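Okay, here's what each chain looks like letter by letter:
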Amino acid sequence: IQHWVDNFAQEDIRVKYYNAQKVPKSIMMTMADNIHAELAAKDVPINMDEQVLSIESIESWYRVTTNKGSYDAKKLVLAVGRLGVRQFVKLADNIGIEYMKKNFNTELGIRVEGHYSVLTGIDDVYNDIKLLRSLPNGEELRSFCQDYRGYITKCVYNLKGDKTITTLDGHIIGTEKEGGPLSDAFNLAIHYRFPSEEDSLNDLYRTIGKIRKRGCSLVQTMSSFMDGTTPDPDAEYQVPFSMPDVEVGDINAMIPNRILDPIKEFAHQIDKVLPGFTHPNNSVYAPSFDMGWSKVKLNEKFHTTAPNVYVGGDVTGHFRGALQACVSGLLISRDILENSK
């Protein structure tokens, strides 16, 4: 482990890592089914396909109204995920949950795909490495979502006014077909993280909309991306595209240089430690981005400023990922049980 840390440090790159567990969708579904069955056996009602429309605070309890009825509760847990941020803000404003409305971070960048052999050595040690480099202006470069022999897919964000934008996401287990063979590719995102406020996100939306004007992501060879040359529609790529819904196009013409130039330098630095990362025939996809969202004001047990209301998972704004979301749920459950005795 120290070997990799030292090698990246020579390139002014910090390494952040936690012991990620790679679990295929089939096992995740089995775990969910088992939890569901255990709760059902204990007469815990679970209502599926039911949308929360509003939450009303009434004295020391809450009334939750859905598209199928209403429920009264003394305690609430809101865990609507990062894609439910828009809905959460409406509910939070109504019952007095405080959150930070400004000064969050937004990320924009690319996703690189090449032959899996580039990551073979490091994947045995770090299977979800995070590479970070601070910039003089206080902003940051970072890698995101290390996928070894996985594939690239879409991730859709719902925005205000029923608007949606699409980014690229990486799946770490096999191919898109459940139980299919592992791919021959690695993919890794490189993002430029910068502070932003809600009003300035419109610039990001316009950039992403311009890139995806024809409804699909752009792709070009690493060589044309790095050199700033017009991509060749007949160019050969190191591996077949793991996400076929793409269009060959010039990413350099779409993303500002202030973001692209540091990303290209960062890619070169990564290549010095992981040779082949910037192979001329690797694929470069765009847009890859992650939206900042409001951080909910919480205590160490995920209790909000609204009495008896907890918020867990990605929607908190303090972390991202299934592992962290599961831990937050465990801490919330323990606190509810301790205070119910």
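A. Main features of the packing of aromatic side chains. Counted by the stated rule, this structure contains six aromatic pairs. Centroid distance Tyr116 to Tyr148: 5.8 Å. Interplanar angle 90°. Geometry classified as edge-to-face. Placement of the pair is Tyr116 in the loop between strand S6 (104-115) and helix H4 (120-123) and Tyr148 in strand S8 (residues 140-148), with a sequence separation of 32 residues. Linked through ring pairs, Tyr237, Phe241 and Tyr285 together constitute an aromatic cluster. In this structure, Arg258 is placed above the aromatic ring of Phe194, and the distance from its NZ or CZ to the ring centre is 5.4 Å. Stacked on the ring of Phe225, the Lys or Arg Lys264 has its end atom at 5.0 Å from the ring centre.

B. Structural context of the pattern of salt bridges. Here the structure, examined in full by the defined rule, presents 15 salt bridges. With a closest N to O distance of 3.5 Å, Asp12 and Arg133 form a salt bridge. On the criterion of sequence distance, the pair formed by Asp12 in the loop between helix H1 (2-9) and strand S1 (14-16) and Arg133 in strand S7 (residues 130-134) is long-range, its members being 121 residues apart. Residue Asp12 is classed as partly exposed on the basis of its relative accessible area of 48%. Of the charged contacts in the structure, one is a salt bridge between Glu38 and Lys42, with a shortest N-O distance of 3.6 Å. Relative accessible area serves as the criterion here: at 46%, Glu38 is assigned to the partly exposed category. Linked by salt bridges that have partners in common, Arg14, Glu107, Glu140, Arg142 and Arg193 make up one network.

C. Looking closely at the sheet that holds strand S3 (residues 61-66). Taken together, three strands build an open sheet; the order of strands is S2-S3-S4 and the sheet is antiparallel. Strand pairing shows two members of the sheet lacking a second neighbour, strand S2 (52-58) and strand S4 (70-73), which therefore form its edges. Across the sheet, the axes of successive neighbouring strands diverge by a mean angle of 20°, strand direction being ignored. With four bridges connecting them, S3 and S4 associate as antiparallel partners. Following the sheet pairing, Val64 is matched in S4 by Tyr71. This element, helix H3 (residues 85-95), spans S2 and S3 of the sheet and lies at about 15° to S2.

Definitions and limits used
Position labels on residues start from 1 in each chain and follow its written sequence. pLDDT decides what is reported in this predicted model: residues at 70 or higher carry local features, side-chain atom pairs at 80 or more are listed and counted, and totals for whole chains, interfaces and linings draw on all residues regardless. Side-chain metrics rest on all non-hydrogen atoms present in the structure, leaving aside hydrogens and water. Under the pairing criterion, centres of Phe, Tyr and Trp rings, with the six-membered ring standing for Trp, must be within 6.5 Å; the plane angle then separates stacked pairs below 30 degrees from edge-to-face pairs above 60, leaving the rest tilted. Runs of H or I in DSSP of at least four residues are treated as helices and runs of E of at least two as strands, each being numbered from the N terminus. A ring is scored as having a charge over it whenever the NZ atom of a lysine or the CZ atom of an arginine sits within 6 Å of its centre and within 35 degrees of its normal. We define a salt bridge as a side-chain nitrogen of Lys or Arg found within 4 Å of a carboxyl oxygen belonging to Asp or Glu. When accessible area is computed with a 1.4 Å probe and restricted to protein chains, residues below 20% of their type maximum are described as buried, those above 50% as exposed, and intermediate ones as partly exposed. For two strands to be treated as a pair, DSSP must find at least two bridges joining them. Only the contacting stretch of a helix is used when fitting its axis, a line to C-alpha atoms as for every element, and angles between N-to-C directions run 0 to 180 degrees. By definition, residues are in contact when any of their heavy atoms lie within 4.5 Å.

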